[in-house]
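Structure assessment
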Amino acid sequence: MLSPKFKANGRAFAHIAQFIPELTALRRDLHQHPELGFEEVYTSGRVKEALRLCGVDEIHTGIGKTGVVGVIKGRSTASGRMVGLRADMDALTMTEQNDFTWKSATQGMMHGCGHDGHVAMLVGAARYLAETRNFDGTAVLVFQPGEEGFAGAKQMIEDGLFERFPVEAIYAMHNWPAMKPGTIGINDGAMMAAADRVTIEVTGKGGHGAHAYLAVDPVLVAAHIITAAQSIVSRNVRPIDSAVVSLCAIQAGDLHAMSVIPGKATIVGTIRTFSTEVQALVEKRLAELCSAVALGFGAQATVQFEHSYPATINSAREANFAADVAESLVGAEHVDRELEPSMGAEDFSFMLQSKPGAYLRLGQGGENCFLHNARYDFNDDVLPLGSALHASLVEQSMPLST
């Protein structure tokens, strides 16, 4: 049996450490067979088979298209309580640049965010909980598809996830290369930002580049909009609040037509905020600014906002509880209870809009190769800790009466 690279407290960690070879093999098999959102057929099949072998009480498939839910009843269910744990399953449209034996076998797809590890950790928790059942209530294990831009959490909710499994709280975690292995981070508020897409259409009047005075150049207008938009955060958002406006792409004209002023230009970008008030303010100011700048040049601008994921906001009670559980495993010195929020986004936010819960970060090291990097790989050394953290959230949420 392989020994864990670091130690953690508690019977859950000690028990799950016995599964290291199996969890590592599962994780690497999933890494080798990445699938995109709502296409996780192989992944869902592996999860279903793993849960069957773990001896869970119920396995439900097809929730949110390719989602899987496992149900484990405790030694007692007299409390009537039910707690959920969630792992995301999908990969990214990236070409992997690693050379280990378990690298992606599918061109143009890879597990560049560690969802393969998230699945393996929740399977490890399932096996432990099914073998020991040291809790009073029901554990609901949610294997979610389509986190990477597909809003799979929302799809599962719309498919009746919480009507069928009315959990009182739900927890999730994400590996974090910027934190050392064996450390855990959380806070009792915003963990991730809302992610919105903005599309700006600038309409001018096309013409000959040699006779620009006869045209209304939308490229010039777009350039002024891009520059002016950077004043929104610095001059409209309070310094104690946070927001990001990034206009990341512009499309106008033809690169082969050096002397043709186009009639239109399109700008695409993202807005990141933690509160709905700041979100509304930024959208209002950006729409006003685009219209005014374009008008000043004799052009027109329309702005379209698409709200993708809301902010991921931990509920205070559940976040503090999860931090206590983490401390029981690794000690207070290895738990950051005031972790700095990320401007990234996460569709677990939809679940936290429906239920109390918390989102944690599990340190895995490798800060020189962050998430969504073509050379990223999940650190298998943290698998038993992640599984133990999942399992301990269940056991300590729903303790057996003594």
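All values derive from a computational prediction rather than experimental measurement. (Residues numbered from 1 in each chain as written. Predicted model: local features only at pLDDT ≥ 70, side-chain atom pairs only at ≥ 80, totals over all residues. Heavy atoms only, no water.)

**Quick word on the pattern of salt bridges**
For the coordinates displayed, the defined rule picks out 20 salt bridges. As a salt-bridge pair, Arg 27 and Asp 116 come within 2.9 Å of each other at their nearest N and O atoms. With Arg 27 in helix H2 (residues 20–32) and Asp 116 in helix H4 (residues 115–132), this pair connects stretches of sequence that are 89 residues apart. The burial state of Arg 27 is the same as that of Asp 116; both residues are buried. Note on Arg 27: relative accessible area 0%, which makes it buried. Each of Arg 27, Arg 28, Asp 116, Asp 377 and Asp 380 takes part in one network of salt bridges that share partners. (Salt bridge = Lys/Arg side-chain N within 4 Å of Asp/Glu carboxyl O. Helix = DSSP H or I, 4+ residues; strand = E, 2+ residues; numbered from the N terminus. Buried < 20%, exposed > 50% of the residue type's maximum accessible area, 1.4 Å probe, protein only.)

**Regarding the nonpolar core**
Counting 95 residues, the largest nonpolar core has Val 69, Ile 72, Phe 143 and Met 351 as the members making the most contacts within it. Of all the elements, H4 adds the most residues to this core, at 10 residues. Grouped together as the second largest cluster of nonpolar side chains are 25 residues, Val 221, Ile 225, Ala 265 and Leu 289 included. (Core = buried A, V, L, I, M, F, W, Y, C linked by side-chain atoms within 4.5 Å.)

**Things to note about the packing of aromatic side chains**
In total, this model carries 6 aromatic pairs according to the counting rule given. Where Tyr 309 meets Phe 350, the ring centres are 5.8 Å apart and the plane angle is 80 degrees; that geometry is what we call edge-to-face. Of this pair, Tyr 309 sits in strand E13 (residues 300–309) while Phe 350 sits in helix H11 (residues 348–354), placing them 41 residues apart in sequence. Overall, the relative accessible area of 8% leaves Tyr 309 in the buried class. Taking the relative accessible area as the measure of exposure, Phe 350 reaches 11% and is therefore buried. Between Arg 28 and the ring centre of Trp 102, over which it is positioned, the NZ or CZ distance is 3.6 Å. Here the guanidinium or amino end of Arg 361 rests over the ring plane of Trp 176, the centre of that ring lying 3.6 Å away. (Phe/Tyr/Trp six-rings, centres within 6.5 Å; stacked < 30°, edge-to-face > 60°. Lys NZ or Arg CZ within 6 Å of the ring centre and 35° of its normal.)

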